[in-house]
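Each chain, written out:
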Amino acid sequence: MQQGQRLKEATEGQIVQSGNKIGGPFKIGKPVYQEKRLKLFNEIYQRQKAELEAKEKTPITITLKDGKKIEGKKWVTTPLMIAVGISKKLAENMVAAKVVYDNLFEKNFVDVDHEDQQSQGSSLNLKPDYVIWDLTRPLEGDCQLELLSFDDNNGKEVFWHSSAHILGSALEEVYGCHLCIGPAIDGGFFYDCYIGDYKVTQNDYVKIEKAASDLAASKQEFQRAVLTKDECLELFGSNPFKRQLITNKIPEGAMTTAYKCGNLIDLCTGPHLPNTSYVKAFQVTKNSAAYWLGKNTNDDLQRVYGVSFPSKKLLDEYVKIQKELALRDHRNVGKKQNLYLFHQLSPGSAFFYPSGAHIYNTLMNFLRRQYYIRGYQEVISPNIFNAQLWKISGHYDKYKENLFFINMGEEGEYGLKPMNCPGHCLMFDMIQHSYRDLPVRFADFGVLHRNEVHGALSGLTRVRRFQQDDAHIFCRMDQIQEEIKSCLDFLSYIYSLFGFEFKLYLSTRPEKFLGTKEVWDNAEYQLEQGLKKFGKPFEVNPGDGAFYGPKIDVKLYDAYKREHQCGTIQLDFNLPERFNLQYRASEDVQEVQQDKEQLHNEQVQVAQEIIDVVRKASHHSDTDNISTPPQHPQQQPAEVPVEEKAPQEQNFKKQKKQKQQKEPQQQQQQEQHKKQKLPEDIIESGSSQGLSQHELHKVLHEKKYELGYHHLKAGFARPVIVHRAILGSLERMIAVLTEQCGGKWPFWLSPKQLVLCPVSAYYKDVAEKIAARLRLEGYTVSTDESDQTLAKKVRNAQIQYYNFVGVIGEEEVKAGVIDVRDCEKNTRIGKLTIPQLCKFFESLKPPKSNVEVQIHEHDDSHLKLNDELQEKMFLDGDGYSVGKRDFDEFDKIKDIDPALQNLIRWHKYMAHLTKKDEAPEKVEQVEQKQE
C-alpha cells in the first residue's frame, strides 16, 4: 500500500465508454429513487453491524505519537474513543486518524472514483505504510495512531471530502439530479452532476447552500458499508453514470464501500467525519460545465465547487483572501497595466505589449547570465519537425491529440514541437562526444505549441503557445549526484528572489517502467544522494515517477500558500535508448579499431537490405526488370534454369548501362565528394543496383532513427538525460509572479522603474536628456510631460506602479541632481546625481548567487597570491620558468595553476629586462637636462 494513501486498490477495471450519451431525458424534481436506496442500504448496514458485534474482541495495543501505549479491543475501540479519553476538547477538534498497523490486514476495496497506481518496491527506505482512518471506525489490530485536525493536510482532505458528500446531498435535494463524481481538491471540493439541459447559475447558490447547511446542522452520521458488485448495481440502478463506473471498474467477486449521510448514499472508500455537524461554515464558490469522463463527445454535466471550514471565522478569512486574490488576478492586472491581452482569433496565445515583453525578456536574460556562469550552452532548435521524431520519442502515441500537425504533401506529416527534448537528442547525436565532454548542458527558450482543449484555456496558466526555461543535461551515471545538487541550488536561488517557498518530492519507480530494476535503483539512489547533498528536507512519493525515470517534483507556494507546479528535475533513460545516443567511453586504440569494424559490418548488412528492397520495388514497378523476386541474405534463392540465366543477366546489364548513361555528369561528381564516405564495397554493391552513394548514405542515416532496441558499440556508453526546468513555462510563471506581486514589480524586473516629472515645461528638455542617459545604462525610464501639478504627477506614478519618481526643477538643474522618491513606500530617497542614482539602482538588483560569490572569492584569493608571487619570485636560471628556489621561498605557489606560475614569472622577467634597458636611457636624459 502506498504511503499516505487511503485504503484503496487500483484494479484492472477501466472506465470504458460504451456509448457517447447515457444520461437520457431528465426532468428536475424530487429524488424519487432515495426511498428504495435508503431501505436497501439500511438492510446491508444493520446486517454488517450485527456481524461486527459477533466478532471476537481480542486485546490490542495502540501506540500514540508521543510513545504512550493504550490498551483497547479489536473491533470495538475507535480513534474517537481514544481522543475523548485524552480530552473532550481534543476530540472535538480532530477529524480523522492516521494508523500504521503492525500487521496490515488483507481486505482491499475497489476505489470506484479514482485510478491509483501502486508502487513496485522502490529500493529507497520509506516510512511505514499508513492509512487514514475514520474516527468512528473500530481498529482492527495493534497499531500506531496519530489524531489529525483540520490543520493537517490529510485531515483537511477528509474534511473537504465529507463536505463534498454534503454538497452532493444538497444537489440531489434541489434538482433530483444524477450524481457523478465528487472529490476533494486543493482549496475545497466539487461535485459533477447530470441535470439534463439545465445550467446552474449564481442565482442557484443560495438554495444549494441552504440545503447543505440544513444537512450539516442536522448532525447526520457518516455510516460505512461494504458492498458487492451486485449490491452496488441494485443501490444505484437509477443512476446510469454510477452504473457505468460499477460495471467497468469493479471486477467480479471484488468488494467496494459506500457511505451514507442523511438521504445521500455514495460509492466511496472514505474516510469521513463522524457526522455532518463538524462542518460549521459552507459556501458555494463557483460552477462550470464539464463532460462525463472528460470527453467532449459525452454527456454535458454541471460542476459545482464549494469550500467549508470548522468555524465561521476561518470562512471569513477565506472570503477576505479571495477578494484580495480577485484584485490580483493576473488577467485583471495584465489588462490594467497593459502587460498582455488575448484575442479570440488566436485563443491560448498571449499578446505581450511592451511592458509585458520587458518582464518576459528580463526573466530570460537573467537566466541567460546564470546559464553562462553555471556552464550551460544556449541552443536554438527548429520549431517544425517531421512526425517521425515524435514516433521515435514515443510522444506521438501518447500525446498526439495535443500536437499541432501540418500536412506537407509528399514530405508527409509535420508538426509544431510541443517540447524541446527530442530535438536536443538529435543535436547531441549529430556530434560525436567523448566521456570527457560530459556533462553537456543544452538550454533552449524555443517557442512551443500544445493543442490544449479550448475549454481548458485559462489566462497565462493554460495556453497553447509558450516558452520554457528548458534545459537538458546529458551526463554519465557518476555525474548525476552533482548535476542534481547543482540544479537544486539553481532552483533555490531563483525562487528566493521572489519570496517563494517550495517543497521537494522524490517520485520513484511506477508500476510500468522502462529499463531494469537495477538501473532504477541506482538512479533513485543518485537522486536521493543529490537531495541529501542539497540539504533541504524532502519526501518520498512512491510509484509516482515517470515511466522513463525517477524525478524530483517541486511544489512552489506563493504568499497566499497556494500551490503551483512549475519546476521539475527528471532523469530519463528512455530517450537515450530510443535515439540510440552514445558517447565514447574509452580512448583505447584497439577498441576504436573494433568499433570501426563493427560499424562497417552493420553498414554492409543494412546496404544489402536496401539493395533487396530496391530490387523488389523494381520488380513490381516494371515487368521488364528482374524476373526473380529478391531474397533475404539469409535465405537461399530459388534455382533458375541455366538457359534462363544468361538472358536475365544481359537484360540487367543493359538496363544498368542505360540508367548510368542517363545520369548527369554533374550529379556523379557531387556524389564522389560527399563529406562522409561510405565503404567501397557498399558503394559498389549499391551501384550495381542503380543506387547512388547519396541514396545509400541517406537510408543508412535514417535507419538509425527507426524505433527499436539499439546495441551499444564497443567502447561506447549511453548517457542519461536530466530534464530540468525552474520557471517552467514563462507564461505561467509570469501569471504566478503577477499575482504574487499584485502588480508591484520588484525593481530589477519592473517595466516602470522611474518616471521623471519636470515641475514645468521649461525643464522638459532636461528631463528627456536625463531619461536618455539612464536608458543608456539599461534602466526603463519615462517622462511625464503633462500639464498637471507636481502632486498629481507623483500620485499618477503611484497609481501606475512606478518604482520611483524623480522631480526636476530649478534647484535640481542648478545642482545637477534629481530629487528621487519611492512610490510604494511614499518616502523621499534624496537628491542624487546621475552616477549616484545609477549606483543606488545597482544596489537594487538581485543578490549574487552562491556560484557567483564562490567565483569572486576564488578570483580574489588568486589575485592576492599572484601579487605575493610577483614580489617573492626570484630570477633563477633564464627567468622564464618557476624554479626550485621559488618553491622554497614561497610555499603558496603550489596553489596556483602551473601555466599561470610561468606566465607571472615571464612577465616579471620581461619587466626586469625592460628596466635594465631603460636605465642607460634615463641616465643620458638626466645628463642632457643638466647641460
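Let me sum up the structure you'll find in this document. What you see is a predicted model, and the numbers here were worked out from it, not measured in a lab.

## Observations concerning the packing of aromatic side chains
- Summed over the entire model, instances satisfying the criterion amount to 38 aromatic pairs.
- Against the face of Tyr130 rests Lys98, its NZ or CZ located 4.5 Å from the ring centre.
- Above the ring of Phe502, the side-chain terminus of Lys536 is found at 4.7 Å from the ring centroid.

## Topic: the pattern of salt bridges
- Under the counting rule described, the total for this entry stands at 36 salt bridges.
- With its nearest N and O atoms 2.9 Å apart, the salt bridge here joins Arg331 to Asp329.
- Assessed through its relative accessible area of 42%, Arg331 is described here as partly exposed.
- In this structure Asp329 comes out as buried when scored by relative accessible area, which is 15%.
- Where Arg773 meets Glu777, a salt bridge forms, and the shortest distance between an N and an O atom there is 2.6 Å.
- Residue Arg773 is classed as partly exposed on the basis of its relative accessible area of 36%.
- Owing to a relative accessible area of 39%, Glu777 belongs among the partly exposed residues under this scheme.
- One salt-bridge network, in which partners are shared between bridges, spans Lys65, Lys98 and Glu146.

## Thoughts on the sheet that holds strand S31 (residues 754-758)
- Ordered by their spatial adjacency, 5 strands build an open sheet running S32-S31-S33-S34-S35, and the pairing between neighbours is mixed. Whereas interior strands pair on both sides, the edge strands pair on one side only; in this sheet they are strand S32 (781-783) and strand S35 (827-832). Along the sheet, successive strands turn relative to each other by an average axial angle of 25°, direction set aside.
- Sheet strands touched by helix H23 (residues 764-776): S31, S32, strand S33 (804-808) and strand S34 (818-822). Its angle to S32, the strand with the most contacts, is close to 170°.

## Digging into the state of the cysteines
- Using the criterion set out here, one finds 0 disulfides in the structure.
- Between Cys193, a free cysteine, and Cys177, which holds the nearest cysteine sulfur, the sulfur-to-sulfur gap is 4.1 Å.

## Examining helix H15 (residues 517-534)
- With 18 residues, H15 should cover 26 Å at 1.5 Å per step; its first-to-last C-alpha distance of 26 Å lies within 8% of that length.
- Of all the positions in H15, only Trp520, Asp521, Ala523, Glu524, Gln526, Leu527, Glu528, Gln529, Gly530, Leu531 and Phe534 are classed as buried.
- Check the buried side of H15 and you find it contacts helix H14 (480-497), strand S24 (501-507), strand S25 (538-541), strand S26 (551-557) and strand S27 (563-572).
- Positive backbone phi, at 95°, marks Gly535, one or two positions downstream of H15.

## Quick notes on the nonpolar core
- Among the nonpolar cores identified, the biggest contains 57 residues, and Leu363, Ile494, Tyr495, Phe498, Ile552 and Met733 are the most heavily contacted of them.
- Counting residues per element, this core draws most heavily on H14, at 10 residues.
- Excluding anything up to four places from it in sequence, Tyr495 contacts Phe500, Phe502, Val554, Leu556, Cys566, Gly567, Ile726 and Met733.
- Ranked by size, the runner-up nonpolar core spans 45 residues in total, among them Val100, Tyr130, Ala164 and Leu264.

Rules used in this analysis
- Sequence order as written defines the numbering, with residues in each chain counted from 1.
- Reporting of local features is limited, given that this is a predicted model, to residues whose pLDDT is at least 70; pairs of side-chain atoms are given and counted only at 80 or more, and all residues count toward the totals for whole chains, interfaces and linings.
- Note that water and hydrogens are dropped before the side-chain values are worked out from all heavy atoms of the structure.
- Any pair of Phe, Tyr and Trp rings, taking the six-membered ring for Trp, is counted once the centres come within 6.5 Å. Such a pair is stacked with planes under 30 degrees apart, edge-to-face with planes over 60 apart, and tilted for the rest.
- Geometrically, a lysine NZ or arginine CZ counts as sitting over a ring once it is within 6 Å of the ring centre and also within 35 degrees of the ring normal.
- Note on definitions: salt bridges are taken to be side-chain nitrogens of Lys or Arg within 4 Å of carboxyl oxygens of Asp or Glu.
- Partly exposed describes any residue whose relative accessible area lies between the buried limit of under 20% and the exposed limit of over 50%, with all areas from a 1.4 Å probe on protein chains only and scaled to the type maximum.
- Any two strands between which DSSP finds at least two bridges are classified as paired.
- A run of H or I in DSSP becomes a helix once it reaches four residues, and a run of E becomes a strand once it reaches two; helices and strands are each numbered from the N terminus.
- The axes used here are C-alpha line fits, helices contributing only the stretch in contact, and every angle between their N-to-C directions lies in the interval 0 to 180 degrees.
- Contacts: residue pairs with any heavy atoms within 4.5 Å of one another.
- Note on terminology: disulfide denotes any pair of cysteine sulfur atoms within 2.5 Å.
- In this scheme, a helix's expected span is set at 1.5 Å multiplied by one less than its residue total.
- In these notes, a set of buried Ala, Val, Leu, Ile, Met, Phe, Trp, Tyr and Cys residues joined through side-chain atoms within 4.5 Å is what counts as a nonpolar core.

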